[in-house]
Every structure is written in structure tokens, then in C-alpha cells.
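Each chain, written out:
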Amino acid sequence: AEMLAAAAADEKSETTASGVVMKVLEAGVGPYPAANSTVELHYQALLADGTVFDSSYARRDSTKLPLDGTMLGVREGLLAMREGSTAMLMIPSDLGFGARGAPQAGVPGGATLIIRVELVKVLEGGFAVYHRRQWDER
């Protein structure tokens, strides 16, 4: 909780109503995905102590997946990103793996997740009309 509060206090971060803290590292100019979109992305997923538990960068292979098949916190972040954007997402446990965690990946129950995500491409279902978000103007 302290880590999320500190990240939210950063003036370059935005916090969603559900508690995901998002910091855009690189703003893209492409379309936003829709809730039913399939996207191509690169990511690195870490625990609060910096331990990497999953990384498409390490595999040197981007991931293609439907947004409705991703964890809630990642989906929420991706819906606020344009194609070509890279962002750091800090995801509270209840929007990540929850109380159970993901023991097979080394994620304990109740863990806050830090996910660096690059929205490489909206493969299908994105918005053709770009809508503005407040962080687009920074």
C-alpha cells in the first residue's frame, strides 16, 4: 500500500478509480484498444522487491492476447494506452493475482505487481477515432 501511495504521488502518474497507478514512459500515437481487442505487447512483470517473475523481453518474443483474457489491472492499463505506448503499471493485489497469488510463478498472495508494458500493436477491435486522455498533453 505504501508503494502504491508513493507512486500515485508522482505528478507524472495517474491513478484509476480502482487503484491502478499508471506512469506513461513513452506516449504512442496509434489507436486505443477496445475491451474486446486482441493486442500484441511486450512486458516485464516484477514483485515490489524488484524480482522479475515473467518477461516477454527475456523470451525475446512479444505476446499476442485478447484483453478480456488478461488480469484486470493489466487490462485497465492497456485500455488507457495508445498503440506504441510504454507504461509502468502498479497493480494492487485485488486486480492482480489476489490473495491466492501465483505460487507456480513465485508470486505470493496479496502481492502488489509492477508491470512494464509496451503496447506494440492493436491487432483487432481498436478505436479508429483517437480520444484524448489527460496524460496525452504532457
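Higher on the page you've got the structure.
All values derive from a computational prediction rather than experimental measurement. (Residues numbered from 1 in each chain as written. Predicted model: local features only at pLDDT ≥ 70, side-chain atom pairs only at ≥ 80, totals over all residues. Heavy atoms only, no water.)

### Let's talk about the overall build of the protein
What counts is decided by this rule: What counts as a helix is a DSSP run of H or I of at least four residues, what counts as a strand is a run of E of at least two, and both are numbered from the N terminus. Three exposure classes are used, based on accessible area relative to the maximum for each residue type with a 1.4 Å probe and protein chains only: buried under 20%, partly exposed in between, and exposed over 50%. By definition, residues are in contact when any of their heavy atoms lie within 4.5 Å. The accessible surface values rely on the Shrake-Rupley method and a 1.4 Å probe; as for residues, cover is taken only from the protein chains in view.
Regarding its fold elements, the protein presents three helices and seven strands. Of all 138 residues assigned to the protein, the portion counted as buried reaches 44%. Counting only contacts in the protein whose residues sit at least 6 apart along the sequence, the fraction spanning at least 24 positions is 72%. Accessible surface computed for the protein: about 7,400 Å², of which carbon and sulfur atoms make up 52%.

### Re the pattern of salt bridges
Note the following rule: What makes a salt bridge here is a side-chain nitrogen of Lys or Arg within 4 Å of a carboxyl oxygen of Asp or Glu, nothing more.
Under the counting rule described, the total for this entry stands at one salt bridge. Notably, a salt bridge pairs aspartate 54 with arginine 59, separated by 2.7 Å at the nearest N-O pair. Judged by relative accessible area, arginine 59 falls into the partly exposed class, the value being 44%.

### Looking at the pairing of strand β2 (residues 21-26)
Spelled out, the test is: Whether two strands pair depends on DSSP finding at least two bridges between them.
The sheet contact formed by strand β1 (residues 13-15) and β2 spans three bridges and is antiparallel. Bridging across to β2, serine 13 finds its partner in lysine 23. Hairpin connection from β1 to β2: five residues lie between these consecutive antiparallel strands, with glycine 19 at a positive phi of about 110°. Two elements, β2 and strand β6 (residues 86-91), share five bridges in a ladder whose sense is antiparallel. Each bridged residue has a counterpart across the sheet, and for glutamate 26 the counterpart in β6 is threonine 86.

### A word on unusual backbone geometry
Despite not being glycine, arginine 60 has its phi angle at roughly 55°, a positive value. Structurally, arginine 60 is set in the loop between α2 (56-59) and β5 (63-66). Judged by relative accessible area, which is 78%, arginine 60 ranks as exposed.

### Remarks on the environment of proline 92
Within the secondary structure layout, proline 92 lies in the loop between β6 and β7 (113-124). Note on proline 92: relative accessible area 11%, which makes it buried. For the pair proline 92 and glycine 19, spaced 73 residues apart in sequence, the C-alpha to C-alpha distance is 6.7 Å.

### Here's the deal with the packing of aromatic side chains
So the rule is basically this: Aromatic pairs are defined between Phe, Tyr and Trp rings, using the six-membered ring for Trp, whenever the two ring centres lie within 6.5 Å; interplanar angles under 30 degrees are classed as stacked, those over 60 as edge-to-face, and all others as tilted.
According to the stated counting rule, one finds one aromatic pair in the structure shown. Relative to phenylalanine 97, the ring of phenylalanine 53 lies with its centre 6.2 Å away and its plane at 65°, an arrangement referred to as edge-to-face. Note that phenylalanine 53 is positioned in strand β4 (residues 52-55) and phenylalanine 97 in the loop between β6 and β7, a separation of 44 residues in sequence.

### Some words on the environment of arginine 59
The criterion, for reference: We call two N or O atoms a polar contact when they sit within 3.5 Å, provided that within protein one can donate a hydrogen and the other can accept it, with sequence-adjacent residues counted only if both atoms are side-chain atoms.
Tracing the sequence through the fold places arginine 59 in helix α2. In contact with arginine 59, not counting residues within four places along its chain, are Tyr43 and Asp54. Side chain to side chain, arginine 59 and tyrosine 43 meet in a polar contact 2.8 Å long. Side-chain polar atoms of arginine 59 contact the backbone oxygen of serine 55, separated by 3.3 Å.

### Some details on the nonpolar core
So the rule is basically this: Residues enter a nonpolar core if they are buried and are Ala, Val, Leu, Ile, Met, Phe, Trp, Tyr or Cys, with the set joined through side-chain atoms within 4.5 Å.
Within the largest apolar cluster, 25 residues are counted, with the highest numbers of intra-cluster contacts made by Leu78, Met81, Ile91, Val107, Leu113, Ile115 and Val117. Counting only elements with at least two residues in this core, the list comes to β3 (38-47), α3 (72-79), β6 and β7.

### Comments concerning the side chain of glutamate 40
Under the convention used in this document: The charged-residue count follows a simple rule in which Lys and Arg add positive charge and Asp and Glu add negative charge, with His and chain termini not counted at all.
Note that glutamate 40 resides in strand β3. There is no salt bridge for the buried glutamate 40, and the closest opposite charge comes from lysine 64, which lies 4.2 Å off by N-O distance. At a separation of 2.7 Å, a polar atom in the side chain of glutamate 40 contacts the side chain of serine 62. Non-local contacts of glutamate 40, meaning those with residues more than four positions away in its chain, are made with Ser62, Thr63, Lys64, Glu118, Leu119, Val120, Lys121 and Leu123.

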